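Structure at a glance
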Amino acid sequence: MSAALRSYGAGLPARIALGLLVPLALILLWDHQARHGGEHAFAFVSAAQVAGALRELWQSGDLLTAYGNSLRNAFGGLFWGSVTGLAVGSAMALLRPVDWVLTPLYHGLRQVPLLGWLPLIGLWFGSGDLSKVIVVSLSAFYPAVLYTYEGLKGVEARMLEVGQLYRLTPWQTFWRIRWPSALPSLFTGLLQSVAFAWIATIGVELLFPTGFGLGTVMQHGQLQARLDIVVVCIAVVGLTGFAINLLVARLSRHALRWRPVRT
Amino acid sequence: MNIDSRAVVRTPEQPALRSGALQLKEVRKRFLFDQRELTVLTGLNLDVHPGEFLSIVGPSGCGKSTLLRLIAGLDDDYEGHIALDGSRVAGTSLERGLVFQDHRLFPWMTLEQNVAFALIRRDMSAAARDRLVREHIALVGLSGFEQAYPHQLSGGMSQRAAIARALVNEPKVLLLDEPFGALDALTRVHLQTELQRIWMSQGSTMIMITHDVDEALYLGDRVAVMQAHPGRIAHIVDVDLPHPRDRAAPLLHRLKDDILAELTATDAPRSEAVVPLTRRRSG
Ligand SMILES: Nc1ncnc2c1ncn2[C@@H]1O[C@H](COP(=O)(O)OP(=O)(O)O)[C@@H](O)[C@H]1O
Ligand SMILES: [Mg+2]
């Protein structure tokens, strides 16, 4: 694996440096626009201003409070969405009648964009944290169902025959054959659930005015024409999404270490 | 040649008398395919002796795999009679092991876990299980690779592992469906020698399908020649040579010519005028 990288002449530090190249260039360009952009300068803030906003938000404690609230909603929604998605997807994959009844409904509902549900959810559950967690759950639920279903359905008949040969019970067949063979698909689903859940968390905070999360801070920044605050929020959201993604990818690589390394 | 020095006929104290007599009477198998009925096997009679090594050769598509799947019990929708030691075959059983052409090891399990998989339904202590697994990994010459995942094993090693998994239950009958078909010629020769050694030390009845007539003759006490459309056993050839065998034995070469003549004759539309074999016995 690292041999393949080395053949490109790049170790891990070098790769990190390469990954930072474009973001740094963009920041420099941004900073330049802010200071010498002429008539467009109002749409950009300088790096110094952004650093100031960050210090301000940090010292007031607002950033930490908002960040904590957002993370709590994101993980709550991710948890409930994944767990129910796993259960529904498994039932659809393993039980014929459930498959017949739920699969068309699922594919129908999936066509409705998440935003389309907001008015209804707001009406039913208000615009508090409950509604937010429900929206986030929904965003994590769809990929969880899809990839659980595909994974469990995709078990090769030739592998199930080995279980038949050694007289496994249905329960043993599930845990020893179906589940591990669905694992790669489940992790693909989790990776998507995580990404969507985080996006949905911030999105719903922007749209529902109650509570106090990163999206709310961003909203306030926009209303007060504090572009520097908006930029700080965008950076925190982006970096957090990146970090969570990396974490799940790591986890998945460890759990699936039995797979041949793809080169 | 001084056959005496290497003629190791199986001795009574070896567990050769585990029995494992397989009887097939008027077995018929039909598939419903595309609304049409396809008769794959018909009028198939076969008596496999306890502890013997029976090779089966035949043209591709004549129903060899189907036959093995019936004996294994993976498919029990057939007409006729299949019995192991007098009791009718219905469903799979740990008494009947099967090695597929593709090794079918689980990629998420180590070699050790794959072999132990066959013992899931066996009621035994963890220590006894570990010992059996260790012994059978050693039997196929894979000691030291217990923790390897299948993708880390070569084709030949994977097939050895599959054999260990099939043997760990000490089945009365081991069925092998072209187990070496996908391997290169050198590995194949090597594994044939190994399989002969394993068979001699085990005492299981073994039935091996192969498209390699050399392999069938080198290993088989008898070689059953199948014909197609519909699949049936045309002849059974006795290979009257003690094990372990010498590949260069003149008898093997003579029999090979006969069997090849028979197999190529069956390519033509069905005719009764097959070349008579020197050693021939009606099944
Ligand atoms: N599940 C099935 N459904 C329909 N036809 C089958 C099925 N399995 C095998 N056959 C047919 O039975 C015949 C014998 O197949 P097989 O036993 O695999 O042959 P062999 O192993 O001798 O090459 C083939 O014509 C094949 O198409
Ligand atoms: Mg076949």
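Residues numbered from 1 in each chain as written. Chains lettered and ligands numbered in written order. Predicted model: local features only at pLDDT ≥ 70, side-chain atom pairs only at ≥ 80, totals over all residues. Heavy atoms only, no water.

**Comments concerning the overall build of chain B**
As a reminder of what qualifies: In this text, helices come from DSSP runs of H or I with a minimum length of four residues, and strands from runs of E with a minimum of two, each type numbered from the N-terminal end. The buried label goes to any residue with under 20% of its type's maximum accessible area, the exposed label to any with over 50%, and the partly exposed label to all in between, with areas taken from a 1.4 Å probe on protein chains only. Two residues qualify as a contact provided that any one of their heavy atoms is within 4.5 Å of a heavy atom in the partner residue. The Shrake-Rupley method, run with a 1.4 Å probe, gives the accessible areas here. Residue values count only the displayed protein chains as cover.
Of the regular secondary structure elements, chain B holds seven helices and 10 strands. A burial count over chain B gives 53% of its 283 residues as buried. The contacts in chain B between residues at least 6 apart in sequence include a share of 70% that link residues at least 24 apart. Accessible area for chain B stands at about 12600 Å²; split by element, carbon and sulfur atoms hold 52% of it.

**Description of the layout of surface pockets**
Residues and elements named next belong to chain A. Note the cut-off: In this analysis a 1.4 Å probe is tested at points of a 1 Å grid over the protein atoms alone, and where it fits but cannot get out there is a cavity; an open set with protein on both sides within 12 Å along at least five of seven lines is a pocket; lining residues have an atom within 4 Å of a point. Grid points are joined across faces, edges and corners, and a volume is the space filled by probe spheres set on the points.
Its volume calculated, the second largest pocket comes out at about 330 Å³. Residue lining of the second largest pocket: 19 residues in total, with Leu 114, Leu 115, Ser 139, Phe 196 and Ala 200 positioned closest to the centre. Of all elements in the fold, only helix 5 (96-110), helix 6 (114-125), helix 7 (129-153) and helix 9 (170-207) reach the threshold of two or more residues within the lining of the second largest pocket. With seven residues, the top contributor of residues to the lining of the second largest pocket is helix 9.

**What about the interface of chain B and chain A?**
What counts is decided by this rule: What makes a salt bridge here is a side-chain nitrogen of Lys or Arg within 4 Å of a carboxyl oxygen of Asp or Glu, nothing more. Each polar contact in these results corresponds to two N or O atoms within 3.5 Å; when the atoms are within protein, one needs to be able to donate a hydrogen and the other to accept it, and residues that are neighboring in sequence are counted only if both atoms are side-chain atoms. Asp, Glu, Lys and Arg are counted as charged, while Ala, Val, Leu, Ile, Met, Phe, Trp, Tyr, Cys and Pro are counted as nonpolar; the rest, among them Gly, fall into the polar class.
With 26 residues of chain B in contact, the opposing surface of chain A contributes 20 residues. Run the count over chain B and chain A and you get three salt bridges. Residue Arg158(A) is joined to Asp102(B) by a salt bridge in which the shortest nitrogen-to-oxygen separation is 2.8 Å. Applying the counting rule to chain B against chain A returns 10 residue pairs in polar contact (both at pLDDT 80 or more). Where the side of chain B that touches chain A is concerned, the elements lending two or more residues are helix 1 (64-72) and helix 4 (155-167) of chain B. Its residues placed into classes, the side of chain B that touches chain A shows 15 nonpolar, six polar and five charged.

**What about the side chain of Glu215(B)?**
Residues and elements named next belong to chain B. Where we set the bar: When charges are tallied, Lys and Arg are placed among the positive residues and Asp and Glu among the negative ones, while His and the ends of the chain are skipped.
In this fold, Glu 215 is placed in helix 6 (residues 213-219). It is Arg 188 that comes nearest to the buried, bridge-free Glu 215 among opposite-charge side chains, at 4.5 Å. Beyond its immediate chain neighbours, meaning those up to four positions away, Glu 215 contacts Phe 180, Arg 188, Gln 192, Met 208 and Thr 210.

**So, helix 10 (residues 214-223) of chain A**
Along helix 10 of chain A, the residues that are buried comprise Leu214(A), Gly215(A), Thr216(A), Val217(A), Met218(A) and Gly221(A). In the segment just after helix 10 of chain A, Ala225(A) is the residue with positive phi, at about 55°.

**Considering the domain arrangement of chain A**
Residue and element names in this part refer to chain A. Here is the rule: For the domains described, the bounds stem from an automatic or database domain assignment. As used here, buried area is the combined drop in accessible area, with a 1.4 Å probe, of two parts when they are placed together.
Partitioning chain A into domains gives domain 1 (7-44) and domain 2 (46-255). Summarising the inter-unit geometry, the C-alpha centres of domain 1 and domain 2 are found 29 Å apart. Contact between domain 1 and domain 2 buries roughly 380 Å² in total, counting both sides, with carbon and sulfur atoms accounting for 68%. Between domain 1 and domain 2 we count zero salt bridges in total. Scanning the region where domain 1 abuts domain 2 turns up one residue pair in polar contact (both at pLDDT 80 or more). Here the side of domain 1 that touches domain 2 is built from residues that sort into five nonpolar, no polar and two charged.

**Here's the deal with the sheet that holds strand 2 (residues 36-48) of chain B**
Residue and element names in this part refer to chain B. The condition that has to hold: When DSSP finds two or more bridges between a pair of strands, those strands are recorded as paired. Angular values range over 0 to 180 degrees, each being the angle between N-to-C directions of two axes fitted as lines to C-alpha atoms, with helices fitted over their stretch in contact.
Ordered by their spatial adjacency, four strands build an open sheet running 2-1-4-5, and the pairing between neighbours is antiparallel. A strand with exactly one partner marks an edge of an open sheet, and here the two such strands are strand 2 and strand 5 (87-88). Relative to strand 4 (residues 79-84), strand 1 (residues 22-33) runs antiparallel, the two sharing five bridges. Note on strand 4: the bridge partner recorded for Gln 23 is Ala 83. Strands in contact with helix 1 are strand 1, strand 2 and strand 4; relative to strand 1, the strand with the most contacts, it is inclined by about 115°.

**Description of the site of ligand 1**
Residue and element names in this part refer to chain B. Rules: Only heavy atoms are used to decide nearness, and a residue is near a molecule or strand if one of them lies within 4 Å of it.
For ligand 1, the full set of nearby residues is Phe 31, Phe 33, Val 40, Ser 60, Gly 61, Cys 62, Gly 63, Lys 64, Ser 65 and Thr 66. One of the side-chain nitrogen or oxygen atoms of Thr 66 is found 2.6 Å away from an oxygen atom of ligand 1. Protein chains bury 61% of the 570 Å² of accessible surface belonging to ligand 1 in isolation. Within the residue set of the shell around ligand 1, elements represented by two or more residues are strand 1 and helix 1. In terms of residue count, the dominant contributor to the shell around ligand 1 is helix 1 (three residues). A class-by-class count of the residues in the shell around ligand 1 yields four nonpolar, five polar and one charged.

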